[in-house]
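# What the coordinates show
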Amino acid sequence: MNLNLAVSIAMVVSGLAGPAFAQDKPQLAFVVNAASDFWKLAEAGVKKAQAELPGYELQFRYPAQGTAALQNALMDDLVAAGTDAIMISSADPKNSIDAFNRIAAQVPLFTTDSDAPASKRIAYLGSSNTLAGVQAGEIAVKALPKGGKCMGFVGFLGADNAVERIAGFRKAVEGSGIELVDVRGDDVDFARARSNVDDVLAANPDITCMVGFYSYNPPKIYEALQAAGKLGAITVIAFDEDPITLGAVREGSFAGTVVQDPYQWGYQGMQLMAKYLEGDKSGVPADGLIIVPTKVIDTSNVDAFEKELKERIGG
């Protein structure tokens, strides 16, 4: 085997062929927690940042599966390939501390979406998931003035973003007669996410409210309710901006959705890491938290919000 062929094969096998090996420019990577349409906006934000950072090579990376082990292996590969800074949404922060600290000892490490505050990451840039959970609870209180029993659905039960959203929701509904009975996890398995809803519909006829805490959960709730002929009969509170979710808000099938701003995570995250590598650390606050506000979308503003989304992704 000649040398050129060996190098080509190595690049393809690693999945880092092309810019990741071009060491004339610093490398910045944005690593997500699982393959989901939710991340398209963050990818668009990274694309915008790339246009403004011609001296850098920016990467947007999905792990092969949404597990901490594969995320951590991907970060190891990135560092080995010469990546100079990484921003990551942790799938399982509590069980990734050692891995994160190992990476942080080699390159600047930042978190987004789901923080790992016990690690040596430099800063978190993303939503306040607790406040987002409170906003979701406020939607429920408004939609269920007589109270009700809610069931929640989420991907990673142990992830900080899930724990904080659930806690925020519970805080907001205290004393309202609304009870979050339980939350079912699915480990970002879309088939399981749907079956979780089907199972609740079959086994828990007293449930009058459902909360989808991750972006793909509300669409699976919609599918299950539609199939069961219960769309509109059960109050649904959503998170994020999946097209099915926004359509359900527009038609009144969902009470509302709490949206984050992953576009800014991608854009601001790349800018933050570039400045940090250049020695400008002014963008890192003392508490290490850079909060991008969340907002509630309902029938009054869903059209304007969806127009903005299309402009960002298409831009």
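### What to know about the sheet that holds strand β6 (residues 148-154)
The strand order across the open sheet formed by six strands is β7-β6-β8-β9-β10-β12, and the pairing between neighbours is mixed. Across the chains shown, the open sheet's two edge strands, defined by having one partner strand only, are β7 (178-185) and β12 (295-297). Here the strands of the sheet are splayed against their neighbours by 20° on average, with no regard to which way each runs. Bridge count for β6 against β7 is seven bridges, and the pairing is parallel. Among the inter-strand pairings, C150 is bridged to a residue of β7, identified as L180.

### Some remarks on the nonpolar core
Counting 28 residues, the largest nonpolar core has C150, F169, L180, V211, F213, Y214 and I237 as its most contacted members. Those elements that provide at least two residues to this core are α5 (129-143), β6, α6 (160-173), β7, β8 (209-212) and β9 (235-239).

### Thoughts on helix α2 (residues 40-52)
For α2, built from 13 residues, the straight-helix expectation of 18 Å at 1.5 Å per residue is met to within 8% by its first-to-last C-alpha distance of 19 Å. Buried within α2 are the following residues: L41, A42, A44, G45, V46 and A49.

### Comments concerning the sheet that holds strand β4 (residues 109-112)
Across the sheet, six strands lie side by side as β2-β1-β3-β4-β5-β11; this open sheet has parallel pairing. Because the sheet does not close on itself, it has two edges, and the strands there are β2 (57-61) and β11 (289-291). Direction aside, the axes of adjacent strands within the sheet are offset by 20° on average. Across two bridges, the pairing between β4 and strand β5 (residues 124-126) is parallel. From the neighbouring strand, T112 faces β5, where its bridge partner is L125. Sheet contacts for helix α10 (residues 262-277): β1 (27-31), β2, β3 (85-88), β4, β5 and β11; angle to β1, the most-contacted strand, approximately 145°.

### Points about the packing of α2 against α10
For the pair α2 and α10, interaxial distance at closest approach is 6 Å and the crossing angle is 35°. In the crossing of α2 with α10, the sense of the turn from one axis to the other is right-handed. Counted together, L41, A42, A44, G45, V46, K48, A49 and E52 of α2 and P262, Y263, G266, Y267, M270 and Q271 of α10 form the full contact between these two elements. Counted by class, the contact of α2 with α10 contains nine nonpolar, three polar and two charged residues.

### Things to note about the state of the cysteines
By the definition in use, this model includes one disulfide. Here C150 is linked by a disulfide to C209, with a sulfur-sulfur distance of 2.3 Å. Taking the torsion about the sulfur-sulfur bond, which here is approximately 95°, the covalent link between C150 and C209 counts as right-handed. Of this pair, C150 sits in strand β6 while C209 sits in strand β8, and the two are 59 residues apart along the sequence. The residues C150 and C209 share a single accessibility class, namely buried.

### Here's the deal with the confidence of the model for the protein
For the protein, per-residue confidence averages 91 on the pLDDT scale, and residues scoring 70 or more make up 92% of the total. Across residues 1-22, confidence stays below pLDDT 50; counting only partners more than four residues off in sequence or on other chains, it has 21 contacts.

### Describing the side chain of N72
Within the secondary structure layout, N72 lies in helix α3 (residues 68-80). Excluding residues within four positions of it along the chain, N72 makes contact with S96, A99, F100 and R102.

### Examining helix α8 (residues 217-228)
With twelve residues, α8 ought to run about 16 Å at 1.5 Å a step, and its terminal C-alpha atoms sit 17 Å apart, in line with that. Of all the residues in α8, the buried ones are N217, P218, P219, K220, I221, Y222, A224 and L225. Its buried side turned inward, α8 meets β6, α7 (190-203), β8, β9 and α9 (243-251). Immediately downstream of α8, the backbone of G229 shows phi near 70°, a positive value.

### Examining the environment of G168
Tracing the backbone shows G168 in helix α6. Judged by its relative accessible area of 0%, G168 falls in the buried class. Along the primary structure G168 and G137 are separated by 31 residues, whereas in three dimensions their C-alpha atoms are 7.3 Å apart. When residues no more than four places from it in sequence are discounted, the contact partners of G168 are T130, G133 and V134.

The rules behind each value
Residues numbered from 1 in each chain as written. Predicted model: local features only at pLDDT ≥ 70, side-chain atom pairs only at ≥ 80, totals over all residues. Heavy atoms only, no water. Pairing = 2+ DSSP bridges. Helix = DSSP H or I, 4+ residues; strand = E, 2+ residues; numbered from the N terminus. Axes fitted to C-alpha atoms, helices over the stretch in contact; angles between N-to-C directions. Core = buried A, V, L, I, M, F, W, Y, C linked by side-chain atoms within 4.5 Å. Buried < 20%, exposed > 50% of the residue type's maximum accessible area, 1.4 Å probe, protein only. Expected span 1.5 Å × (residues − 1). Contact = heavy atoms within 4.5 Å. Left-handed = near helix turned anticlockwise from the far one by under 90°. Nonpolar A, V, L, I, M, F, W, Y, C, P; charged D, E, K, R; others polar. Disulfide = S-S within 2.5 Å. pLDDT = per-residue confidence, 0-100.

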